[in-house]
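Residue-level structure breakdown
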Amino acid sequence: MRARYDLKQVNVIMKWILLALYIIFNAYLLCVHEMWRDEVNVWLMGRDLSVLQLFQELKYQGHPCLWYLLVMPFAKLGLPCQIMGLLSLGIMALATWIFIFYSPFSLVAKFVLIFSPAFTYYYPVIARAYCLVALGIILAAFYYQKRYDRPIFYGLLLGLLVQAETIAVPVAGFISVIWVLESAYLDWKERKIRYCKQTLKGVWIPMLSFFLYMATMAKVSDSPVFEVRDMGLYDTTQAVKQMLYYISTRLTGNTHLSSMITLSVLAVLAILWILLTKQLLPWGVFAGTVAFQVVFSVIIYELNIWHFLSLIFVLLWTFWVSDKNTWGNTKWNKGIYYFTQIFLIVFGLQTFIHWNGPVVSNLPNALHGSYSDAYNTAQFIKKNISQDEIIVEVNVPYTSTIWGFLPQYHAYFAGSGEQVSYADWSEKQSQYISFPKLQRWVETTFPNDKSFILIMSPDSYLTEWEENREKAKMELLYQTEVLSERQEDYQIYRIYLE
C-alpha cells in the first residue's frame, strides 16, 4: 500500500513538473515572439470599435465574436497589446493542465503532445482565437461524461465553442448531434424519455449560438476578399483528395508516403476502436470535422496550419470520450489502449519533427526569427516623429501592426484619404493612388504642413513611386534591416512639399 501511494505521489509530481516546463518554455517563446498583423488587428478593433460596431464588422473578418470580446476590455483600458499573448498563454496553460491531469492518456504521450505544435507555440504564443478552440474541445471532452448530469453547463460549453472560431462550429455541431442521437437511442433502449429531457435542457444553447453566428456572418459575400470557387464534380473531387493529402503532410511530414502511412494507421486504429468499444458516433465528429476543413479549403478559403492543428484536439476528444470503462478490462482492450498511446506518441513526434522542417513558422524561427518589424518601427516613430505630423500609409493590413504599439498616433490610408487603424478588408482599403496625386491630396488637405511622413510596405497601393521618387524631395528616416517572415518590412520617408 505504501509503495502504491508513493508511486501515485510521484505521478502527481511529474505532472506538475510537466506543466511547469510547458509554461516556462512557451513563456520564453512568447518573450521572443514579435506580434504581427493577424494578432494586432483584433486588438485595434477591440480598442476602436463599440460592441455594436464590432458585430457589424465581424462578417468581413471571418471570425466569430468570443476572442474579440475577451480582448476588448484590455484594449479599451489602454493596456499594451502584448497583453494578448499573456491571455492566450493563460488559456492554453489551463487547457494543458486539464489535459495533463485528467485525460486518459499515458504520461509519455502527454509529454510528447504538449511539446508538439498542437499545444506549443501556435496556440499559446501567437495570440489568436485558436487557443479558445483548444480549450473548448478539451473542456468538451473533460465534461462529456457529465453531459446528462449538467446539461445546461455542457450546452453552454458547446455554445461558447461555436463563438470561438469558424473551424469550431462543425465540432460543436457534430457533438450536439451525437448528443441528441445518443439520448434518443438510450431512451428507446430503456423505453423511457429521460435522457432526451436532459439533453433538451442544454442542446438548445449551441443551436442558439449557431444562429447568432449565422446572423453575424450574414452577407459575408459583400466582402471583396470573399469568394466561392465554382468547380465541377471531377475537379472538386480531385481538389478534395489533394487537400486531404496536404493537411496530412502539413501536420506529419513532407511526403505523400508518410501521410498515407499515418492515415492508414489511423483508419485501422479507428476500426479497432469502434469494434472494441462500440463507440461509432465520436468518430463521426472527427470525420465530419476533417471533411469540413477539406471542403471549406477547396470551395471557399484555403485553411492553414492553425486550422489543421485543431484536428489533433478533435482526435484527442474522440479517444477521450469513448467508453473509458472498457479500457484495461480485457486483453483486447488493453491492446487497443496501448496501440492508441503508441500512435499518439509517434504522431506527436511526427508533428514535432515536421515543425522543425522548412516552414515559415518552424521552431528556429520561433526562437530566433523575425515575424514582423512593426515593433521596432513603432519604437522609431515614437522617438523621432511627433504625434502631430501627417502620417500616410500605403497598405493598411501590413502597416496596421505598427499602430497596436502606438495608441496615440493616427495615420491616413493613401488610397482613400481616410484615417485608419485596423484592416477591414473593404474596397476602400484596396484603392490605388499615384504618388503625384497623393502629394496634391496632402497639399490640399493640410495646406499649413510643409512635409508629411510616408510609410512604405510590401504590396503597396501607391503607384508611380519609382518614376517620381528621384524627382521628389524626400528623406529616408528608417528602413527594416532584416526581412521579416510575414513581410512586415517598412521604409519611412519624410516627403517635403513644394
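Summary of the structure given here. Just so it is clear, the model here is predicted, and its values are computed rather than measured.

1. Comments concerning the overall build of the protein
The number of helices and strands found in the protein is 20 helices and 8 strands. For the protein, whose C-alpha radius of gyration is 26 Å, the value lies close to the compact-globule estimate of 23 Å for 498 residues. In terms of its C-alpha atoms, the protein occupies a principal-axis envelope of roughly 85 × 50 × 50 Å. Scored against the burial criterion, the 498 residues of the protein give a buried share of 54%. Total accessible area on the protein is roughly 23500 Å²; 63% of this is exposed by carbon and sulfur atoms.

2. Overview of the environment of S183
Turning to its location among the elements, S183 is positioned in helix α9 (residues 169-190). By relative accessible area, which is 1% here, S183 ends up buried. Remark: the alpha-carbon pair of S183 and Y195, spanning 12 residues in sequence, is separated by 4.9 Å. Leaving out residues up to four positions away in the same chain, S183 has contacts with Y148, Y195, C196 and T199.

3. Comments concerning the side chain of Q293
Inspection of the secondary structure assignment puts Q293 in helix α13 (residues 281-299). Within the local environment of Q293, its side chain forms a polar contact with the backbone oxygen of H307, the two atoms lying 2.9 Å apart. Sequence-distant contacts of Q293, that is, excluding residues within four places in its chain, are made with I167, L303, H307, F308, S310 and L311.

4. Details of the nonpolar core
Nonpolar side chains tend to gather and get buried jointly when the protein is soluble and globular. Residues W67, F119, Y154, W317 and W403 are the most contacted members of the largest nonpolar core, which totals 134 residues. In terms of residue count, the dominant contributor to this core is helix α14 (residues 305-321) (14 residues). Discounting residues that sit within four places of it in the chain, W403 has contacts with L44, R47, I381, I391, E393, Y409, A411, S421 and I455. Ranked by size, the runner-up nonpolar core spans 19 residues in total, among them L438, V442, L462 and Y493.

5. So, the pairing of strand β5 (residues 451-456)
The buried fraction of β5 is high, at 6 of 6 residues. Alternating residues of β5 divide into S451, I453 and I455 and F452, L454 and M456, and every residue in both groups is buried. Strand direction decides the pairing type here: strand β1 (residues 391-393) and β5, joined by 3 bridges, are parallel. Each bridged residue has a counterpart across the sheet, and for E393 the counterpart in β5 is I455.

6. Quick word on the pattern of salt bridges
Enumeration according to the criterion identifies 8 salt bridges in this entry. Taking the shortest distance from any N to any O, the salt bridge between E190 and R194 comes out at 3.3 Å. Judged by its relative accessible area of 42%, R194 falls in the partly exposed class.

7. Some words on the sheet that holds strand β8 (residues 491-496)
With mixed pairing, the 6 strands of this open sheet are ordered in space as β3-β2-β1-β5-β8-β7. Each edge of the open sheet carries a strand with a single partner, namely β3 (419-420) and β7 (474-479). Where helix α17 (residues 374-384) meets the sheet, its contacts fall on β5, β7 and β8, and the angle it forms with β7 comes to roughly 130°. On top of the sheet, helix α18 (residues 396-403) reaches β1, β2 (411-413), β3 and β5; it is set at about 140° to β1, its chief contact.

8. Remarks on the packing of aromatic side chains
Centre-to-centre distance and the angle between the planes together describe a pair of aromatic rings. Applying the stated rule across the entire model yields 44 aromatic pairs. On the basis of an interplanar angle of 70° and a centroid distance of 4.8 Å, the ring pair of Y143 and F153 is categorised as edge-to-face. On the criterion of sequence distance, the pair formed by Y143 in the loop between α7 (130-142) and α8 (151-162) and F153 in helix α8 is long-range, its members being 10 residues apart. For Y143, a relative accessible area of 17% gives the class buried. Relative accessible area serves as the criterion here: at 28%, F153 is assigned to the partly exposed category. Three or more aromatic residues joined by ring pairs form one cluster here, namely W16, W97, F101, Y102, F142, Y143 and F153. Lying across the ring of Y144, R147 places its NZ or CZ 3.8 Å from the centre. When the ring centre of F153 is taken as reference, the NZ or CZ atom of R150 above it lies at 4.5 Å.

9. So, the environment of W306
As for its position among the elements, W306 is in helix α14. Sequence separation between W306 and Y122 is 184 residues; the distance between their C-alpha atoms is 6.8 Å. Once you skip the residues sitting within four places of it in the chain, W306 turns out to touch W36, Y122, Y123, I126, R128, Y130, I167, S361 and R486. Polar contacts involving the side chain of W306 include one to the main-chain carbonyl oxygen of Y122, which spans 3.4 Å.

10. Some remarks on the side chain of S176
As for its placement among the helices and strands, S176 is situated in helix α9. Since its relative accessible area comes to 8%, S176 is described here as buried. What S176 contacts, discounting residues up to four positions off in sequence, is L158, V203 and P206.

Criteria and cut-off values
Residues numbered from 1 in each chain as written. Predicted model: local features only at pLDDT ≥ 70, side-chain atom pairs only at ≥ 80, totals over all residues. Heavy atoms only, no water. Helix = DSSP H or I, 4+ residues; strand = E, 2+ residues; numbered from the N terminus. Rg over C-alpha atoms; globule rule 2.2 N^0.38 Å. Buried < 20%, exposed > 50% of the residue type's maximum accessible area, 1.4 Å probe, protein only. Areas by Shrake-Rupley, 256 points an atom, 1.4 Å probe, with all protein chains shown as cover. Contact = heavy atoms within 4.5 Å. Polar contact = N/O pair within 3.5 Å; in protein donor to acceptor, adjacent residues only side chain to side chain. Core = buried A, V, L, I, M, F, W, Y, C linked by side-chain atoms within 4.5 Å. Pairing = 2+ DSSP bridges. Salt bridge = Lys/Arg side-chain N within 4 Å of Asp/Glu carboxyl O. Axes fitted to C-alpha atoms, helices over the stretch in contact; angles between N-to-C directions. Phe/Tyr/Trp six-rings, centres within 6.5 Å; stacked < 30°, edge-to-face > 60°. Lys NZ or Arg CZ within 6 Å of the ring centre and 35° of its normal.

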